[in-house]
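Below are the chains, spelled out letter by letter.
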Amino acid sequence: MNNQLLYPLLLEMGKWQMVVLNDNLEILKVMEGKNSYFSKNKCFIDYFDDHSKEVLLNEKSKNNIFSNLILTTKNGKILEIIILKEKNIRCFLKELNEKINTWNKLLIFYQNFLNSLMPMFYTDSNGIILDANKAFLDLYGYELEEVVGKNPRILKSFRQSPHIYKNMWESILDKNKAFFSGEVVNRKKDGREVTVFAFITTVFNFRGEIVGFIATHSDMTKIKYVEMKAESEHRELETLYKKFYETISIVSHDLKGPLNSLINYIELAKKRQNYKECLDKSLQIAFNLNNFIKETLTLSKIELNQEVLRISRCHIFYLLYDSITCFEANAKAKNVQLKLITLGDDEAIGCDYIKTEEIINNLLDNAIKHTPAGGVVTVEYINEESFIKINFKDEGEGVKEDLNKIFMPFVSGGKTKDSFGLGLYIVKKYIELHNWKIEVQNRKDKKGTIFSLIIDKSANKIPSAESALIFDPSNTIIDSLEKILKSYGINIFIT
């Protein structure tokens, strides 16, 4: 373009200011105007901050005929500058502060659009989606690229009558109204329906022409939160009732067999002169039923989170040794040998003595029951630096089903003729209460199963070994004495 046409075009169209400089960047001429920033015979670069000065000096050293720069004056004004190098240097300048402020405001609005918790999207004048925020994508289950360039009809559920859509378009195309609001049933990507309250606003340019639409959807399910919560609690209650009746059904079924056997043995004893054998078997069944009732009560306490630990100081090896001694008669009656292997010294730990004893007894009894006559049950006591590991190895058939399922209540793999499948479940719960672990695996060297009790030494604080018995009939010093002794970590017993 001819320079004689370019200069006035820039000045007229963009309201640019022109400054003419010499090679030393001194101002030779300033176009007159009410918004003039510069004065004749001044050094042009003195008007700018240090960074802009460097940019101008660097640009002067180049052989470019045309340059376009963004510079900042000392008073903070941001200028766009077009430099034309001819005989002299002509600079066309325009202030950008107002434009940048406008862009900053638009950026704030756009960030608000993106981060809004309300699902939003906007379209062009033809209704084609240009952008959507995260809340919109989360609500309908789409990715951004799946909706940009599409018509909002992708949300249509066909539950609305055509009258609603006709009313919507008439409202947003009416320049006097330019707004629509109403309840709409839309469809998510996965086909599920969602009821929203839609707000649609029409956007105009400075000439009053429609350039697009902004839509906001309010999820009506949030308004129905109370109803949803009530339904959820109702479903939870139904689940609890179902679980309760399932447990009752299992318990009733498991009780039916032993009770029938008990009745039969008693009836048989009435007809025999030598009824000792029948009474022995009846007593065994009654004993098993009593254990089952105790286990069921324990199960209910566990499920209701009513089981608590009573931590005391315990020497785990001696507890294990006493249990093995108690089970020797049972093992001998079945022609099963009990073998104890010790790797490490005894050590005191903090635990619930009764529950720990039940854990060991249950695992030991389980190993004996599953070991055939002539077999060996091996118990390994291993004392490591941070934990104690006790392995219970039987020589049974091993576990053929999923190993993890044997710790579930009433599972067939945990049942025997004398057991109802609750023992291992209770054992696992007691172990978890102690913050210990239990592992189970089938043996690789021979048939059988290995249950490994892993006791974390730091899981439970070990109470003091010292104790004191206070006898104070007149109750004169008991309170102060108890406080002093407890401060030294001494266990107190009052009589």
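Scope of this entry: the structure provided in the associated data block.

One open sheet holds the five strands; their spatial order is β2-β1-β5-β4-β3, and the pairing between them is antiparallel. Only two strands of the sheet have a single partner each, and these edge strands are β2 (27-30) and β3 (66-72). Between one strand and the next, the sheet's axes are offset by a mean angle of 25°, whatever the strand orientation. Bridge count for strand β1 (residues 17-21) against β2 is three bridges, and the pairing is antiparallel. In the strand pairing of β2, V20 is matched with K29. In this fold helix α2 (residues 50-60) packs onto β3 and β4 (78-85), with an angle of close to 165° to the strand it touches most, β3.

This brings us to the sheet that holds strand β8 (residues 179-187). Sheet architecture is open: five strands sit in the order β7-β6-β10-β9-β8, paired in antiparallel fashion. Of all strands in the sheet, those bounded by a partner on one side alone are β7 (129-132) and β8. Between one strand axis and the next, the sheet turns by 25° as a mean value, whatever way the strands run. In terms of strand pairing, strand β9 (residues 193-204) meets strand β10 (residues 210-219) through nine bridges, oriented antiparallel. The partner of F199 across the bridge, within β10, is T216. Across the sheet, helix α6 (residues 162-173) lies against β8, β9 and β10, angled at about 145° from β8, the strand it touches most.

Of the residues making up α2, those classed as buried are S52, K53, L56 and E59. All buried residues of α2 lie within an arc of 130° about the axis, which places them on one face of the element. Of the exposed residues in α2, those oriented more than 90 degrees away from the buried face are D50, H51 and E54.

Rules of the game
Residues numbered from 1 in each chain as written. Predicted model: local features only at pLDDT ≥ 70, side-chain atom pairs only at ≥ 80, totals over all residues. Heavy atoms only, no water. Pairing = 2+ DSSP bridges. Helix = DSSP H or I, 4+ residues; strand = E, 2+ residues; numbered from the N terminus. Axes fitted to C-alpha atoms, helices over the stretch in contact; angles between N-to-C directions. Contact = heavy atoms within 4.5 Å. Buried < 20%, exposed > 50% of the residue type's maximum accessible area, 1.4 Å probe, protein only. Arc of directions from axis to C-beta.

Distances and angles like these do not, on their own, reveal function.
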